[in-house]
Amino acid sequence: MALNMEQNAADGWAATDGVIARKLFSQGYSFTYDDLIFHPGHISFAADDVDLRGRVSRRISLRVPLVSSPMDTVTEGTMAAAMAALGGIGFIHYNNRPEEQAAQVVRAKRIRPGFVVDPVVFGPRATIKDLDRLKETRGFSSVCVTEDGRVGSKLLGVVTSRDTDFVPDRSTELSDVMTSDVITVPSKCSREEAEKILIQSKKGRLPVVSSNGELVGLMVRADLKKALAYPARGEPSLGPDGKILVGAAIGTREDDKERLKLLVAAGVNVVILDSSQGDSTFQLNMLNYVKKNYPALDVIAGNVVTVPQARRLIEAGADGLRVGMGSGSICTTQEVCAVGRGQATAVYQTAKFASTYDVPVIADGGIANSGHIVKALALGASSVMMGSFLAGTEETPDEYFMKNGMKLKRYRGMGSLEAMSKGSDTRYFGDKSVLKIAQGVSGAVADKGSVMRLIPYTMQAVRHGFQDLGIKSLKEAAQRLYSDETKMEVRTPAAQKEGGIHDLVSYEKRLF
Ligand SMILES: NC(=O)C1=CN([C@@H]2O[C@H](COP(=O)(O)OP(=O)(O)OC[C@H]3O[C@@H](n4cnc5c(N)ncnc54)[C@H](O)[C@@H]3O)[C@@H](O)[C@H]2O)C=CC1
Ligand SMILES: O=c1[nH]c(=O)c2[nH+]cn([C@@H]3O[C@H](COP(=O)(O)O)[C@@H](O)[C@H]3O)c2[nH]1
Ligand SMILES: [K+]
C-alpha cells in the first residue's frame, strides 16, 4: 500500500516534468527540430546495440534509414549506388530526359563498390596532347587504351604520366607510348581479391577484363587508399534481384507514364511522385495508374504535411509518404506561397496518422545535423531524406569549384529558376508554362568529402542520440511516442543559445 502511494507520488511528479508529443503538437504552433529538445531516458544498452532499421515504403526496409533526395545536384547513379552500399537508398532525380534517368538507374545498379565502372578510356590513335587536356580538366592523366576508345572494347594497354612525361612531341599517339603488358583481373574477381592483386602489383591502376579481354572496369590505387580509411560500411541495401536498391522520382503528367515504363525496365525498385503539394487529383490519378499497371512497385506519394493530405494519398494506395513543405534549406515555398508547416509538427502529425495504416513516412528537408535525424526518427519518421546534408559530397553530380579559397559544389532547389529552366526543356517536351515562379534558390555548399565517411559517422552519432533517449530501435521509438512515454520540451530562444556553442573566443567544430 505504502509502495503504491510512493509510486503514485512519483507518477505525479513525472506527469508535470516535460510534455508529451500529443499535447505539445496540438496547441496551434508549428514547431521544427530546433524548437524542441527531448528528455533523456534510462540507458541499459550500448550505443552499438541500437538498431536503426527503418523503411521508405511498405515493402522496402533499410538498415540505415537515410535517403538521398531526388534533386539534380544530389542524386544520380553514383550517389544512389553509394547510399545503397551504405544500407540506405537514393532516389534519382527526373530533371532530365526519361532515357537519361533510366540510364542512371542502370548505371547505379552496375556500380560495384571499390571499382570504377565507367573509367575514362582512349583509343590507340589518341595523342599525348589528349592526355594533357584530361589532366587539366579532370586532374589525372593515366588511362586505359582500348581498341575503339570505349569501355567494353578490347584492352590494348595502359598509359600513365611515367610513359609520357619526357616525350617532347605531344602529338605522339598513345599506341607508341602505352604499356601493353598489363596486369588485369577477370570480371568475376571479388573486391577483396582485386584489392590484394592491386596492392601486390604496386601499380596505380588495375583493369578488370571480360573473358574476351574487353575492358569492363577498373580499380584505382588512390581510391583504394581512401576507401581503406573509411569506416566499415555494413550490409548494402539489396533488392530481390540481388542488385542494389535504386529509387527514382517521377511527375504526374501524361509523359511520366512513358518515363515510368523505362524506369521499370531499368530495374527501379521504388518511385516517388515528386511534388511540393502532393494532395492533388494529378497525384491521385498517377497513384491509381501505377498501382494498376505495376502492382509490384512501391509508390511514395507527397509531399504532405497534414493528416487530411496524408489520408487522401494513403487511401489512394500510397505505399509511403514524403513529408515536408518549405522546410528544405533551399526552399522558399513558405515565403512565396504562405503554405507549409514546421517540420517537427509535420512529421509527428503525419507519421502518427500513417502508422495506423502501417504506411511509413520519410521526413524530408531541414536536416542540418545528426540531432535533427534523431528528432525526425523519434517523432515517428521511418526514414529521413536529405538534400543539403549530402550536397557537396564527392558522390553528387557536378565537379567541385574554388571560390574565395573554398572548395565548393553547386546545390539548388528543384523549384529554383535555374532548375526549372533546365527541367522544362528536358523533362516535358513543349511545356512552355507562361510565367515561372521560383520556389527555391540556387547556391553552393562546402566540400564534405565522401558519403562513405559522412554517413557512417553521422549514423554513429544518431545511435548515441537513441542511447541517450534510452530507445533501442525505431519500433520502440514509435511505441514510446504513441504511448506518451517520450517527453520533450520547447526550447526558448535563450535555451537554444545555451544548447549551442557560446562564450568562446574561438573554436573548431568537428563531428568526427
Ligand atoms: N518539399 C517542398 O517543400 C518543395 C519541393 N519542391 C520541389 O520542386 C520541384 C517542383 O515542385 P512542384 O512545382 O510542386 O512540381 P509539380 O510538378 O508537382 O507541379 C508543377 C505544376 O504543375 C502542375 N501539374 C502537376 N501535374 C499536372 C498534370 N498532370 N496536369 C496539369 N498540371 C499538373 C501542378 O499543379 C503545378 O502547378 C519538385 O522536385 C519538388 O520536390 C518545390 C517546392 C517545395
Ligand atoms: O521549396 C522548395 N523549393 C525547391 O526548389 C526545392 N527543391 C527541393 N526541395 C525540397 O527540399 C528538400 C531538401 O531539403 P534540405 O536541403 O533541407 O535537405 C528536398 O528533398 C525537397 O523536398 C525544395 N523545396
Ligand atoms: K526553407
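Residues numbered from 1 in each chain as written. Chains lettered and ligands numbered in written order. Predicted model: local features only at pLDDT ≥ 70, side-chain atom pairs only at ≥ 80, totals over all residues. Heavy atoms only, no water.

A. Region of the structure containing the site of ligand 2. Of all residues adjacent to ligand 2, which total 24 residues, the nearest are Cys331, Asp364, Tyr411, Gly415 and Gln439. Met414 is positioned with one of its backbone polar atoms (N or O) 2.7 Å from a nitrogen atom of ligand 2. Within the backbone of Gln439, one N or O atom sits 2.4 Å away from a nitrogen atom of ligand 2. About the coverage of ligand 2: the protein hides 92% of its 520 Å² of free accessible area. Residues of the shell around ligand 2, tallied by class, amount to 7 nonpolar, 15 polar and 2 charged. (Near = heavy atom within 4 Å. Polar contact = N/O pair within 3.5 Å; in protein donor to acceptor, adjacent residues only side chain to side chain. Areas by Shrake-Rupley, 256 points an atom, 1.4 Å probe, with all protein chains shown as cover. Nonpolar A, V, L, I, M, F, W, Y, C, P; charged D, E, K, R; others polar.)

B. Focus on the packing of aromatic side chains. Inspection of the entire model under this criterion finds 5 aromatic pairs. With a centroid separation of 4.7 Å and an interplanar angle of 25°, the aromatic rings of Phe25 and Tyr348 are classed as stacked. Placement of Phe25 in the loop between α2 (21-24) and β2 (36-38) and of Tyr348 in helix α14 (residues 343-355) is noted, with a sequence separation of 323 residues between them. Here the aromatic rings of Phe353 and Tyr357 are separated by 5.2 Å at their centres, their planes lie at 55°, and the arrangement is tilted. An aromatic cluster is defined as three or more aromatic residues linked by ring pairs; in this entry it consists of Phe25, Tyr29, Phe31 and Tyr348. Taking NZ or CZ as reference, Arg112 lies 4.2 Å from the ring centre of Phe115, over its face. When the ring centre of Tyr289 is taken as reference, the NZ or CZ atom of Lys257 above it lies at 4.6 Å. (Phe/Tyr/Trp six-rings, centres within 6.5 Å; stacked < 30°, edge-to-face > 60°. Helix = DSSP H or I, 4+ residues; strand = E, 2+ residues; numbered from the N terminus. Lys NZ or Arg CZ within 6 Å of the ring centre and 35° of its normal.)

C. Region of interest: the site of ligand 1. The immediate surroundings of ligand 1 are formed by 15 residues, with Thr252, Asp274, Ser275, Ser276 and Gly326 found nearest. Contact between ligand 1 and Asp274: an oxygen atom at 2.4 Å from a side-chain N or O atom of the residue. Protein contact buries 69% of the 820 Å² of open area that ligand 1 shows by itself. Partitioned by chemical class, the residues of the shell around ligand 1 number 4 nonpolar, 9 polar and 2 charged.

D. Layout of the packing of helix α3 (residues 77-85) against helix α4 (residues 98-110). Here α3 crosses α4 at 40°, and the two axes come no closer than 8 Å. Considered as vectors, α3 and α4 are oriented oblique to each other. Where α3 crosses over α4, the two elements pack in a sense that is right-handed. Residues Gly77, Thr78, Ala80 and Ala81 of α3 form the contact with α4, whose participating residues are Gln104, Arg107 and Ala108. (Axes fitted to C-alpha atoms, helices over the stretch in contact; angles between N-to-C directions. Parallel < 35°, antiparallel > 145°, perpendicular 65-115°, else oblique. Left-handed = near helix turned anticlockwise from the far one by under 90°. Contact = heavy atoms within 4.5 Å.)

E. A look at the pattern of salt bridges. This structure, assessed with the given rule, holds 25 salt bridges. Across the pair Arg22 and Asp484 runs a salt bridge whose closest N-O atoms are separated by 2.4 Å. Linking Arg22 in helix α2 with Asp484 in the loop between α18 (474-482) and β22 (487-490), this pair joins segments that are 462 residues apart in sequence. Look at Asp484 and you get partly exposed, because its relative accessible area is 24%. By sharing partners, the salt bridges in this structure join Asp72, Asp398, Arg410, Arg412 and Glu418 into a single network. (Salt bridge = Lys/Arg side-chain N within 4 Å of Asp/Glu carboxyl O. Buried < 20%, exposed > 50% of the residue type's maximum accessible area, 1.4 Å probe, protein only.)

None of the figures reported here should be taken as evidence of function without further support.
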